Amino acid sequence: MSSARNGASICFSGRCRRDRGPVREKHMLSPSEAGFTLIEMLVALAVFSLAALALLRLGGATATNSAGLSDQAIAQLVARNLAVETLTDPQPPAFGASRGDAVNGGRRWRWTRTVSRSPEARIQQIEILVQPEAGGPGRASLTVFRRGPV
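Given the structure is predicted, the values throughout are model-derived calculations rather than measurements.

S.K.: Please set out the overall build of the chain residue by residue, giving values where relevant.
M.R.: A count of helices and strands for the chain gives one helix and six strands. For the chain, the N- to C-terminal ordering of α and β elements is β-β-α-β-β-β-β. In the chain, which comprises 150 residues, the proportion classed as buried is 20%. Long-range pairs, those at least 24 residues apart, make up 40% of the contacts in the chain between residues at least 6 apart in sequence. Total accessible area on the chain is roughly 11700 Å²; 59% of this is exposed by carbon and sulfur atoms.

S.K.: Give a detailed account of the sheet that holds strand β6 (residues 140–147), specifying residues and quantitative values.
M.R.: Pairing within the open sheet is antiparallel, and its four strands lie in the order β3-β4-β5-β6. What marks the edges here is a single partner per strand, and that holds for β3 (96–104) and β6. Each strand of the sheet is rotated relative to its neighbour by a mean of 25°, with strand direction disregarded. The pairing of strand β5 (residues 123–132) with β6 spans eight bridges and is antiparallel. Bridging across to β6, I128 finds its partner in L142. On the sheet, helix α1 (residues 38–88) packs against β3, β4 (107–117), β5 and β6 and is oriented at approximately 15° with respect to β6.

S.K.: Provide a residue-level description of the nonpolar core, including the pertinent values.
M.R.: V78, L82, W109, I128 and V130 are the most contacted members of the largest nonpolar core, which totals 15 residues. Of all the elements in the fold, those that place two or more residues in this core are α1, β4, β5 and β6. If you tally residues by element for this core, the top one is α1, at six residues. The residues contacting V130, other than those within four sequence positions of it, are A75, V78, A79, L82, W109, R110, W111, G138, R139 and A140.

S.K.: Kindly report on the side chain of D71, identifying the contributing residues and their values.
M.R.: Mapped onto the secondary structure, D71 falls in helix α1. Those residues within four positions of D71 in sequence are excluded, and the remaining contacts are R107, W109, P137 and G138.

About the criteria used
Residues numbered from 1 in each chain as written. Predicted model: local features only at pLDDT ≥ 70, side-chain atom pairs only at ≥ 80, totals over all residues. Heavy atoms only, no water. Helix = DSSP H or I, 4+ residues; strand = E, 2+ residues; numbered from the N terminus. Buried < 20%, exposed > 50% of the residue type's maximum accessible area, 1.4 Å probe, protein only. Contact = heavy atoms within 4.5 Å. Areas by Shrake-Rupley, 256 points an atom, 1.4 Å probe, with all protein chains shown as cover. Pairing = 2+ DSSP bridges. Axes fitted to C-alpha atoms, helices over the stretch in contact; angles between N-to-C directions. Core = buried A, V, L, I, M, F, W, Y, C linked by side-chain atoms within 4.5 Å.

Without other data, these values stay purely geometric and don't point to any function.
Below, the structure written as structure tokens:
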């Protein structure tokens, strides 16, 4: 083994390497190896913030759409209930429009039933429109056919 000063070679077990000066300790890094700069951290934080805001908006839109679909599903149930009442009534409904209210899902619904002749003279075309009494989303329409008066 020889001395490691002044560019001398260091040999261990038959292997030699040239000395490159004093050995640096592992915790001392050059500025280029030290980590992220402040600008890099700010850019990363801005990108993360934009992604988080987009996810929050998506969550809000999903909740709004879910509530609207729930209202629409209840309105469709009201329309189907009215259609079943109309189709199972022994007497066919009179031609023209009729209006009424129904309570379903803890809310009041306003419905309109319009009875007209279909292209076939013996069959009535019945259109049922349902909307919330307070307005807003949750509208439904249904068209059914029934044998008319003879």
